[in-house]
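The residues making up each chain are set out below.
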Amino acid sequence: MPGSSGPLYQMKAEFFKTLGHPVRIRVLELLSQREHAVSEMLNDIDIEPANLSQQLAVLRRAGLITSRREGLSVTYELTSPQVAQLLTAARAILTGVVAGQVEALEEQPA
């Protein structure tokens, strides 16, 4: 049926908009390795705590991460291993694109 995929396209676009921030990508990369406490992420990402908290909230609302409180600490993890697979696929695509760009540059006459 024409148009029946329209809402799905919109949902996909919103999903990719959620991923469209370097800090959010970095958080997801960290969480692809293992769960992390906020304090650990602050050590790995050069960002103000309030900004990290804001980006974590965006990812949580999107359903990509979950959190649990352990005493004074909050620990985050991915909701699905497919998020890590998506990041791996994106890396492979980008690696191919960059390799293609380098190859094209090398083929141009100096």
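Thresholds applied
Residues numbered from 1 in each chain as written. Predicted model: local features only at pLDDT ≥ 70, side-chain atom pairs only at ≥ 80, totals over all residues. Heavy atoms only, no water. Salt bridge = Lys/Arg side-chain N within 4 Å of Asp/Glu carboxyl O. Helix = DSSP H or I, 4+ residues; strand = E, 2+ residues; numbered from the N terminus. Buried < 20%, exposed > 50% of the residue type's maximum accessible area, 1.4 Å probe, protein only. Pairing = 2+ DSSP bridges.

### Observations concerning the pattern of salt bridges
Evaluation of the coordinates by the stated rule reveals 7 salt bridges. Here Arg91 and Glu29 are joined by a salt bridge, their closest N and O atoms 3.5 Å apart. Taken together, the residues Arg91 in helix H5 (residues 81-107) and Glu29 in helix H2 (residues 22-33) connect sequence positions 62 residues apart. What makes Arg91 exposed here is its relative accessible area of 53%. Here Arg68 makes a salt bridge to Glu77, at a shortest N to O gap of 3.8 Å.

### Structural notes on the pairing of strand S3 (residues 73-78)
Alignment of strand S1 (residues 36-37) against S3, held across 2 bridges, turns out to be antiparallel. Opposite Ala37, over in S3, you have Thr75 as the bridge partner. Summarising the sheet, strand S2 (residues 65-70) and S3 pair through 6 bridges and their orientation is antiparallel. Its bridge partner lying in S3, Arg68 is registered against Thr75.

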